[in-house]
Amino acid sequence: MELTIADHNGKTNVHWRDKLTPEQYHVTREHGTERAFSHPLNLEKRAGTYYCVCCGAALFTSHAKFDSGSGWPSFFEPISDEAVKEVDDRSHFMRRTEILCANCDAHLGHVVPAGPAPTGLRYCTNGLALDFKPEE
Ligand SMILES: [Zn+2]
């Protein structure tokens, strides 16, 4: 039997399973990683805003997006310091910094010190964790 675990907003894994596709659920709630170059948002170049696929919080804008060549949508900064939460991640025998939606704890990806100016950081995300809305 599956355990029902509620997050700090009182949302349970059952709630998220109803709302998301199995692929979105795996990435955002089970800390999964989509295949590189598998998601169309990797190549998205239009102006617009990237939202959390779980809760709809605004996370990134097209202004900070760049083509990292990694195969995952990459940004040099989040939309604000409050939007994205950073957590030490020591899984898979690596030391990395995981990035989460600060509002609902959705797993987004990792931040690595390999981005362009002005931050030098690369917020490497899964397209499955994001919902893109182009500008009108
Ligand atoms: Zn969220």
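Residues numbered from 1 in each chain as written. Predicted model: local features only at pLDDT ≥ 70, side-chain atom pairs only at ≥ 80, totals over all residues. Heavy atoms only, no water.

As annotated in an unreviewed UniProt entry, the chain carries the name Peptide methionine sulfoxide reductase MsrB and is attributed to Pelagibacterium luteolum. Taken directly from UniProt, the Sequence similarities (unreviewed entry) text for the chain runs: "Belongs to the MsrB Met sulfoxide reductase family." Within the UniProt record for the chain, the comment given under Catalytic activity (unreviewed entry) is "L-methionyl-[protein] + [thioredoxin]-disulfide + H2O = L-methionyl-(R)-S-oxide-[protein] + [thioredoxin]-dithiol". (UniProt positions renumbered as here; feature names shortened; annotations may be inferred.)

Draft legend 1. Representation of the pattern of salt bridges within the structure. Within the structure shown, the criterion is met by six salt bridges. Between R95 and D88 there is a salt bridge whose closest N-O contact spans 3.5 Å. Several salt bridges converge on common partners, so that one network encompasses D88, R90 and R95. (Salt bridge = Lys/Arg side-chain N within 4 Å of Asp/Glu carboxyl O.)

Draft legend 2. Main features of the side chain of H107. Turning to its location among the elements, H107 is positioned in strand 7 (residues 107–112). A distance of 2.7 Å separates polar atoms of two side chains, one belonging to H107 and the other to E98. In contact with H107, other than residues within four places in its own chain, are V27, T28, H31, G32, E98, I99, L100, N126 and A129. (Helix = DSSP H or I, 4+ residues; strand = E, 2+ residues; numbered from the N terminus. Polar contact = N/O pair within 3.5 Å; in protein donor to acceptor, adjacent residues only side chain to side chain. Contact = heavy atoms within 4.5 Å.)

Draft legend 3. Inspection of the sheet that holds strand 8 (residues 122–125) at higher detail. One open sheet holds the six strands; their spatial order is 3-4-8-7-6-5, and the pairing between them is antiparallel. On the outer flanks of this sheet lie strand 3 (65–66) and strand 5 (84–89), each paired with one strand and no other. With two bridges connecting them, strand 3 and strand 4 (residues 74–75) associate as antiparallel partners. Within strand 4, the residue paired with K65 across the bridge is F75. (Pairing = 2+ DSSP bridges.)

Draft legend 4. Inspection of the coordination of the zinc ion at higher detail. For the zinc ion, the full set of protein donor atoms is C52 (SG), C55 (SG), C101 (SG) and C104 (SG), and the range of their distances to it is 2.3 to 2.4 Å. Its four donor atoms give the zinc ion angles of 105 to 113° at the centre, a pattern that matches the tetrahedral case. One chain supplies every donor to the zinc ion, and in sequence these donors are spaced C-x2-C-x45-C-x2-C. Looking at C52, the relative accessible area reads 2%, which means it is buried. The class for C55 is partly exposed, based on a relative accessible area of 29%. (Donors = N, O, S within 2.8 Å, 3.2 Å for Na, K, Ca; no water. Tetrahedral: all angles 85-135°; square planar, octahedral: opposite > 155°, others 65-115°. Buried < 20%, exposed > 50% of the residue type's maximum accessible area, 1.4 Å probe, protein only.)

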